[in-house]
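# Architecture and fold: a report
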Amino acid sequence: MPESAPIPLSHELNALVMALRRILPQEAVLAGAEEMRPYECDGLTAYRKLPGVVCLPDNTRQVQEILRLCTQMQVPVVVRGAGTGLSGGALPLSHGVLVSLARFTRILEIDPDNRTARVECGVRNLAISEAAAPYGLYYAPDPSSQIACTIGGNVAENAGGVHCLKYGLTVHNVLGVKVLTMDGELMELGGHTLDAPGYDLLALMHGSEGLLSVIVEVTVKLLPKPERAQVVLAAFDSVAKAGAAVTEIIGAGIIPSGMEMMDNLALLAAEDYAHAGYPVDAAALLLCELDGVNEEVSELIFQVRELLLKTGAHEVRTTRDEAERLKFWAGRKSAFPAVGRLAPDYYCMDGTIPRKRLPEVLTRIAELSQQYSLRVANVFHAGDGNLHPLILYDANQPGELKRAEEFGAKILELCLEVGGTITGEHGVGVEKLNQMCAQFTPTELAQFHEIKYAFDPKGLLNPGKAVPTLQRCAEHGAMHVHHGNLPFPELERF
Amino acid sequence: MDADHSAALLASVHEALAQKTSLQITGGGSKSFYGRQPAGKPLSVANHRGILRDEPGELVITARAGTPLAEIEAALGARQQMLAFEPPHFGPGATLGGTIACGLSGPRRPYAGAARDFVLGARIINGRGEILKFGGEVMKNVSGFDAARLMTGALGTLGILLDVSLKVLPRPQHEITLTQACTAQQALEIMTGLARLPLPLSAACFSADTLYLRLSGSESGVRAAQKKIGGEPLSNQEAFWLQVREHTHDFFQGKTLLWRLSLPPAAPLLHLPGQWFIDWGGAQRWLRNPLPADVIRATAVKLGGHAMLFRGGEHTGSVFHPLPPGLLALHKRLKNVFDPQGIFNPGRLYAEF
């Protein structure tokens, strides 16, 4: 719950705020409860906490000074971009500094010949494609939040989107980053070449959830805009049939640029919200996008239509023009807010499973839905096995949030059980710490803590996120710990 | 032949830790020339072999590190799939583990991705003698730090690879290679221009006054692109790209030092004497000359790139491009948390660790 009283300024916090005001312009340091309120949570709104103080630097030197000061004063730092993350990775610490990099919005260079864009970390995902468009180029990863989310956050979370199967995740589309380590040292990882000497630290930064470094600049790879893109929509009377169709398409050697599935509840909500023209009687809806050279798309569209009909689609429609294609995607991309209208609250899950296990996983989710008396709508990046069950609940009903969280935890355990993972693209944050105990052994978790130690020996960057302490796992009961020694005991310095 | 030797490998690591000796990790020996000179007691992973899970419909293959690369490619080829990064073998004994540890990629790299882009998961033995598994067998996975990808190109200095899961892709239905005679300058301009267009390019190189462009995709798509690009079809294209990938092409023969320069693809021609082979649409340039390393490196750096001594000469000095001090210190700290006693391939990547 939001804290209503102003934060008592302890002696140390007061000293920190004063020190920050000496290195930053007045308006770049926020310490009052009301002005810090917008920073109390990210996209995982069930978790909220007011930070000790908020900083709004607008250049790298200022961030360096903040980090040096915090290192010296042993104060933890949480960095945030647009705050669209869905796992609480940017949840502030009440005794820490929240650094917002929202002012890092400069597009530094578009290099059409090398097909790269060098941008500051706070540049929005979609803004990169917009800036590259005059050259016929674009940035491929397109998370649903692309209008708002920043490229720095995309790197920190290794964001995905609906085009991952063909074009990859963020890690496949970034050539270099400039980062600051906690002690304020600027490092360049990668750059403008396809590889860099030494360890692949660029890959390691992707999905590191702000625990290893502060990303201040990103150089992304741009791609030529495909000549043509077209979507085939197919309606099925069962989810199993739709799943089989996905396997058939991939088995035929076709890599669609996007392949999305929605179950009946999700597609009804999306249709009601976006009027995309979806067949509302379908038990499962499949959207399959093909892109590339004009002639190739024609050939593939024909092939995919045949495969869809063969696998039992009762309705197959091919988009006639760009407007219809965008309308079909608008429906899918609005699925989250659309489902959000079905209940006061929803809880979005993010497991990945081997595709072939889809029918049984959806059956089990339906059983769990009965068991917990909570409805669930399923949205699925079918091409790469990334499942987003949306659990509907009402936080004002006593016990419903807890039930929704338990239901969600069961879904993630199910993903692990079938050989998948607890998070495909949303990250661990604070949300899935307990499930990390189930996915990794104590030695693996210890190795993660050691990696953090190599970058951030004092454990001041986003502590308590992404990797659970062994103590926590022992208490959660998911694993047995012999030596409950903590590499990063929860920092309470003030 | 398939066997799980992880217990024996683990025992060897514990023994090395107890005796405070270092280990030189080997596979098929095909890439022993690569990097700095190996040191330590040889520990072969070659017997730890076999494909563990092979899921055509999931586009994933998992195999033990000692599995011959040829065996994996044969299994994939039988169902019209491939390792899209076109890994060079550099010898008949090439293994999966060596391929990932070296992190090398072939001609398709700029268009399909590098070795590291296809690594989904790995099981390793770290330098404390612990077996750890990172990543998994699914396409999208952001749980924990991406330590599996970190192993790619680390030359075994962070741990022994036990098994690796890779994403695989369907083989293109159709491929054609088009050639045209031109100068190096013209070749760079053509490659840069074409890369900005939505064409199904899958390889682009220049050697001996000839530009080679490969197109991959559906037959109709490739033919349409062919019309736009022009040029003469190459009849023995598979053999040609194999020679480029395996360095059996004439350019790579002889004893003169072979330098690899990684550059922004549109970087201008470098004013360094010697023979050039331009690959990866300009992003990877091979140079044969005996100039001092400093001269070559400084030239590459000026254009935003880096250079390493790939073959020839003494591999005892600085082989890979030197790291700036801060980054080197970070490498040492990272090495230290995976391999605190420094038992794995000491000095293979950099002299300092």
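Rules and cut-offs
Residue numbers restart at each chain and count upward from 1, following the sequence in its written direction. Following the order in which they are written, the chains are lettered starting with A and the ligands numbered starting with 1. Reporting of local features is limited, given that this is a predicted model, to residues whose pLDDT is at least 70; pairs of side-chain atoms are given and counted only at 80 or more, and all residues count toward the totals for whole chains, interfaces and linings. The basis for the side-chain values is all heavy atoms of the structure; hydrogens and waters are excluded. Start and end points for every domain follow an automatic or database-based domain assignment. Here, two residues are considered to be in contact whenever any of their heavy atoms come within 4.5 Å of each other. Buried area is calculated as the accessible area (1.4 Å probe) missing from two parts once they are joined, with the contributions of both summed. Only one rule defines a salt bridge in this text: a Lys or Arg side-chain nitrogen within 4 Å of an Asp or Glu carboxyl oxygen. N or O atoms within 3.5 Å of each other form a polar contact, as long as, within protein, one can give a hydrogen and the other can take it, and as long as residues adjacent in sequence are counted only when both atoms are side-chain atoms. Helix and strand labels come from DSSP, where a helix needs a run of H or I of at least four residues and a strand needs a run of E of at least two; each type is numbered from the N terminus. Amino acids are sorted into nonpolar (Ala, Val, Leu, Ile, Met, Phe, Trp, Tyr, Cys and Pro), charged (Asp, Glu, Lys and Arg) and polar (every other residue, Gly among them). Two cysteine sulfur atoms form a disulfide, by the criterion used here, when they sit within 2.5 Å. Throughout, exposure labels follow a simple rule: accessible area from a 1.4 Å probe, protein chains only, divided by the maximum for the residue type, with under 20% read as buried, over 50% as exposed, and the rest as partly exposed. Note on pairing: DSSP must find at least two bridges between two strands before they are called paired.

Right, let's get into the domain arrangement of chain B. By a frequent convention, interface size equals the accessible area lost on bringing the separate parts together. Residue and element names in this part refer to chain B. Here chain B is partitioned into domain 1 (6-170) and domain 2 (174-311). Contact residues are listed per partner, giving 17 residues for domain 1 and 18 residues for domain 2. The junction of domain 1 with domain 2 conceals about 1,400 Å² of combined surface from both sides, 60% of it contributed by carbon and sulfur atoms. The largest contributions to the domain 1 side of the interface with domain 2 come from F90, P107 and Y111, which together make up 42% of the buried area. Our count for the domain 1 to domain 2 interface comes out at two salt bridges. Linking E175 and R108 is a salt bridge whose minimum nitrogen-to-oxygen distance equals 2.9 Å. Taken together, the links from domain 1 to domain 2 amount to seven residue pairs in polar contact (both at pLDDT 80 or more). Per-element accounting of the side of domain 1 that touches domain 2 gives the leading share, three residues, to helix α4 (residues 109-112). Looking at side-chain class alone, the side of domain 1 that touches domain 2 contains nine nonpolar, four polar and four charged residues.

Okay, the state of the cysteines next. All names here are of chain A. Summed over the entire model, instances satisfying the criterion amount to one disulfide over all chains. One disulfide in the model links C437 with C473; its S-S distance is 2.0 Å. Taking the torsion about the S-S bond as the criterion, the C437 to C473 disulfide, at about -75 degrees, is left-handed. Here C437, found in helix α15 (residues 433-439), pairs with C473, found in helix α17 (residues 470-476); they are 36 residues apart in sequence, far enough to count as distant. Across the pair, exposure class does not vary: C437 and C473 are buried alike. Between C55, a free cysteine, and C70, which holds the nearest cysteine sulfur, the sulfur-to-sulfur gap is 6.9 Å.

This part covers the interface of chain A and chain B. Taken residue by residue, the interface counts 82 residues in chain A and 74 residues in chain B. The junction of chain A with chain B conceals about 6,400 Å² of combined surface from both sides, 60% of it contributed by carbon and sulfur atoms. When the buried area of chain A at its contact with chain B is split by residue, L194, Y199 and Q447 of chain A rank highest and sum to 13% of it. Our enumeration of links across chain A and chain B arrives at eight salt bridges. The shortest N-O distance in the salt bridge between R128 of chain B and E450 of chain A comes to 3.9 Å.

Residue and element names in this part refer to chain A. Inspection of the secondary structure puts S369 in helix α13 (residues 358-372). You can call S369 buried: its relative accessible area is 14%. Among residues more than four places away in sequence, those in contact with S369 are L374, R375, V376 and F407.

This part is about the sheet that holds strand β1 (residues 29-30) of chain A. Residues and elements named next belong to chain A. With mixed pairing, the four strands of this open sheet are ordered in space as β1-β2-β4-β3. Strands at the two margins of the open sheet, each flanked by one partner only, are β1 and β3 (77-80). Looking at chain direction, strand β2 (residues 53-55) and strand β4 (residues 97-100) are connected through three bridges and run parallel. Note on β4: the bridge partner recorded for V53 is V97.

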